[in-house]
Structure formats: structure tokens, C-alpha cells
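# Residue-level structure breakdown
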Amino acid sequence: MKELLIIRHAKSSWENPHLNDKERPLAPRGEKAAPMMAERLVQRGAIPQLIVSSEAVRAQQTARLMAAAMGLDDQLIVLDKRLYNAGPAEWLEIIRDQPDTYQRIALIGHNPAIEETARSLFSLQVAKVPTAAVITVRFGCDSWAQVDPKWSEVVGFDYPKRRV
């Protein structure tokens, strides 16, 4: 069985309107939310073995903050440029490209792609996927290459403002 954590990057800063979108950093609220969500994953025993992040600064910062809060080495963070503008088909391709040595992987990306992917591939019925949200999806297969949305199950949806 494989388990995927789909993570929307934490809240980004709009303080500098002249920055290229990929260069926008996290806002102070995002810097607090990322480790908080990582701590919730630790409490659930859902620590990923690999984190695959968009190349955008805010996604990379989210990955590093979460990894540190979970006690993971930064070497377990891999950047994938496809996650920046990926739609559902690209997300599925990225998921299927992951190494089978890992049972639980986190992918950190952006909206609206995460909402579209969660709805169209995994039938998650939510109005919005907030920043720093974590969607947990399980697949009944032994290989990432065999992942089929028809055989997936959303087993968790958590976000910073959710009462725990």
C-alpha cells in the first residue's frame, strides 16, 4: 500500500509586489503553519519518507520547515519543477514517477492545481483547500507506477484552522 500526502504550500507573502511569483517567500503566518501541520503528521504517525516540492520559494520553505519539524534531513527534499504549474494529469504523472522504495511521500504544490487534482482524481468534495492543508490519499498498490485514482481513498484532510 502507498500513501500520498498532498500539501498546499503555507501562506505566502505579498509584501513585495515586484517579486516574480516563483520568488515569493512565506508570510509569518505560513512560517508558523508549516511546522504546526508537520507536528500533526508526527502525532498521527504519518511522517513522509520523501518530500517532493515545487521549485517556488514558498513551497521550498514549506518543505524545509515541515522536514525540520518532523526531524527529517533536508536531503529527503527533492524539487520537481513540474509541480509549479501542474494540472491533474501532470500530478498523476508525478505521483507515478516516484521511487517504490518509499511507502509514504509528500508532494508540495500550489492552487488551483491541488484543488482540481483532489476533486478530479480523488473525488475530494471540499469548497477550498487552504494554505498548508494536507490531504492524505491511500492507494491499494505496491508500486507508484500502478497508482490508479479509481483505487484510491482519501483518508485525511487537515488544515491549520481545523479544530483538532
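Report follows, based on the coordinates. Computed from a predicted model, the values in this text were never measured in an experiment. (Residues numbered from 1 in each chain as written. Predicted model: local features only at pLDDT ≥ 70, side-chain atom pairs only at ≥ 80, totals over all residues. Heavy atoms only, no water.)

## Description of the packing of aromatic side chains
What the rule picks out here adds up to three aromatic pairs. Both rings, one in Phe-122 and one in Phe-139, keep their centres 5.8 Å apart while their planes meet at 65 degrees; by these two values the pair is edge-to-face. With Phe-122 in the loop between helix H4 (113-120) and strand E5 (134-139) and Phe-139 in strand E5, the pair connects residues that are 17 residues apart, well separated along the chain. Take Phe-122: its relative accessible area is 6%, and that puts it in the buried class. The class of Phe-139 is buried, set by a relative accessible area of 1%. Note on Phe-139 and Trp-144: the rings are 6.2 Å apart at their centroids and 75 degrees apart in plane angle, and the pair reads as edge-to-face. Grouping residues by exposure puts Phe-139 and Trp-144 together as buried. (Phe/Tyr/Trp six-rings, centres within 6.5 Å; stacked < 30°, edge-to-face > 60°. Helix = DSSP H or I, 4+ residues; strand = E, 2+ residues; numbered from the N terminus. Buried < 20%, exposed > 50% of the residue type's maximum accessible area, 1.4 Å probe, protein only.)

## Regarding the pairing of strand E2 (residues 50-53)
Burial of the side chains of E2 extends over both faces: Leu-50 and Val-52 are buried on one face and Ile-51 and Ser-53 on the other. Here four bridges tie E2 to strand E4 (residues 104-109), and the two strands are oriented parallel to one another. Along E4, the bridge assignment pairs Ser-53 with Ile-108. Here three bridges tie E2 to strand E3 (residues 77-79), and the two strands are oriented parallel to one another. Residue pairing for E3: Ser-53 is matched across the bridge by Leu-79. Taking the sense of rotation as the criterion, the β-α-β connection linking E2, helix H2 (residues 57-70) and E3 turns out right-handed. (Pairing = 2+ DSSP bridges. Right-handed = clockwise from strand over helix to strand, strands pointing away.)

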